[in-house]
Amino acid sequence: MTTAAQTNTPTKGTLVIGILTIESSYAQNKERPSRRVPDTLQFWIGADSAWRIRTYATDHDIHPHRVGDIGMMKDRPTELARDHIKKHYGDVLASTVVLEFSDTNDTSAVRKLLTEHKLKGSLEVTKVGFAFWNPDDEHYKSTTAPK
C-alpha cells in the first residue's frame, strides 16, 4: 500500500464511508452477513486527488484505486461518492458516514470525530495519498487484485 519513495501523505480531506451489512473475502469469493466487522466502500477526497477504497473484512484485504484529481469529480465530490455507494451497494448498505478532517495528524481530533460518529477502530493515513477508516485496527493489505 505504501512505498518509501512516495510521500504524498494526506493531512486534510473528506472521507465518505459506506458501511456494509456483509463481511466478505474477495480471494474466496464468499460473503455472509456481518457478524463482527463489516466490509466498507470508502472515498477519500483530498486536496488534489480522490480515491475509492474497498475493504474486505474476512481477510483484511484492501483495494485502493485513485479515481483522479478533484476536477474530475466536478463541483460536488462528496455527493458523487454518496451516490456511487448507494447505487452500487444499496442492497447491502447499512449506513453512510461523511467525515471532514482538517488535520489527519491531530490524533485527538481524529479520535474525537470517529467517536462522535460511533466508529470504532482508527483512521489509517497512507503515504501514497489517501486515508481510510480501519474498523477493527487490524492490518489491511492488498492481497488480491480486482478483476
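You'll find the structure just up there.
Residues numbered from 1 in each chain as written. Predicted model: local features only at pLDDT ≥ 70, side-chain atom pairs only at ≥ 80, totals over all residues. Heavy atoms only, no water.

### Things to note about helix α1 (residues 77–89)
Look at α1: 18 Å from first C-alpha to last across 13 residues, which is about the 18 Å you get at 1.5 Å a residue. Along α1, the residues that are buried comprise P77, A81, I85 and Y89. When α1 is viewed along its axis, its buried side chains cluster within an angular range of 75° and face the same direction. Looking at α1, the residues exposed on the side facing more than 90 degrees away from the buried face are K86 and K87. Considering only its buried residues, α1 is in contact with β1 (13–20), β4 (40–46), β5 (50–56) and β7 (93–101). (Helix = DSSP H or I, 4+ residues; strand = E, 2+ residues; numbered from the N terminus. Expected span 1.5 Å × (residues − 1). Buried < 20%, exposed > 50% of the residue type's maximum accessible area, 1.4 Å probe, protein only. Arc of directions from axis to C-beta. Contact = heavy atoms within 4.5 Å.)

### So, the pairing of strand β2 (residues 22–25)
Because side chains alternate across β2, one face comprises the buried residues I22 and S24, and the other comprises E23 and S25, equally buried. Of the pairings in the sheet, the one linking β2 to strand β3 (residues 30–33) comprises four bridges and is antiparallel in character. Counterpart to E23 in the pairing with β3 is R32. Hairpin connection from β2 to β3: four residues lie between these consecutive antiparallel strands, with N29 at a positive phi of about 55°. (Pairing = 2+ DSSP bridges.)

### Let's talk about the layout of surface pockets
If you add up the space inside the largest pocket, you get close to 160 Å³. As for the largest pocket, its lining consists of I19, R36, V37, P38, H117, K118, L119, K120, W133, P135 and D136. In the lining of the largest pocket, the residues fall into six nonpolar, one polar and four charged. (1 Å grid on protein atoms, 1.4 Å probe; cavity = no way out; pocket = protein on both sides within 12 Å on 5 of 7 lines; lining within 4 Å. Points joined across faces, edges and corners; volume = space filled by probe spheres on them. Nonpolar A, V, L, I, M, F, W, Y, C, P; charged D, E, K, R; others polar.)

### Topic: the nonpolar core
Counting 23 residues, the largest nonpolar core has L15, I17, W44, L99, F101 and L119 as its most contacted members. For this core, the secondary structure elements donating two or more residues are β1, β5, β7, α2 (107–116) and β9 (131–134). Ignoring sequence-local partners within four residues, the contact set of F101 consists of T11, K12, G13, L15, W44, V110, L113 and L123. (Core = buried A, V, L, I, M, F, W, Y, C linked by side-chain atoms within 4.5 Å.)

### With respect to the pattern of salt bridges
According to the stated counting rule, one finds five salt bridges in the structure shown. Here R76 ties to E79 by a salt bridge, and the two come within 3.1 Å at their closest N and O atoms. A residue is classified by how much of its surface remains accessible, and R76, at 38% relative accessible area, is partly exposed. The exposure class of E79 is partly exposed, given its relative accessible area of 41%. (Salt bridge = Lys/Arg side-chain N within 4 Å of Asp/Glu carboxyl O.)

### Remarks on the packing of aromatic side chains
Each aromatic ring pair is summarised here by two numbers: the centre-to-centre distance and the angle between the ring planes. On inspection of all chains with the given rule, the structure shows five aromatic pairs. Between W44 and F101, the aromatic rings sit 6.3 Å apart at their centres with planes inclined by 35°, giving tilted as the arrangement. Of this pair, W44 sits in strand β4 while F101 sits in strand β7, and the two are 57 residues apart along the sequence. The burial state of W44 is the same as that of F101; both residues are buried. Chaining the aromatic ring pairs together yields one cluster made of W51, F130, F132 and Y140. The ring of Y56 is capped by R54, whose NZ or CZ atom sits 4.2 Å from the centre of that ring. (Phe/Tyr/Trp six-rings, centres within 6.5 Å; stacked < 30°, edge-to-face > 60°. Lys NZ or Arg CZ within 6 Å of the ring centre and 35° of its normal.)

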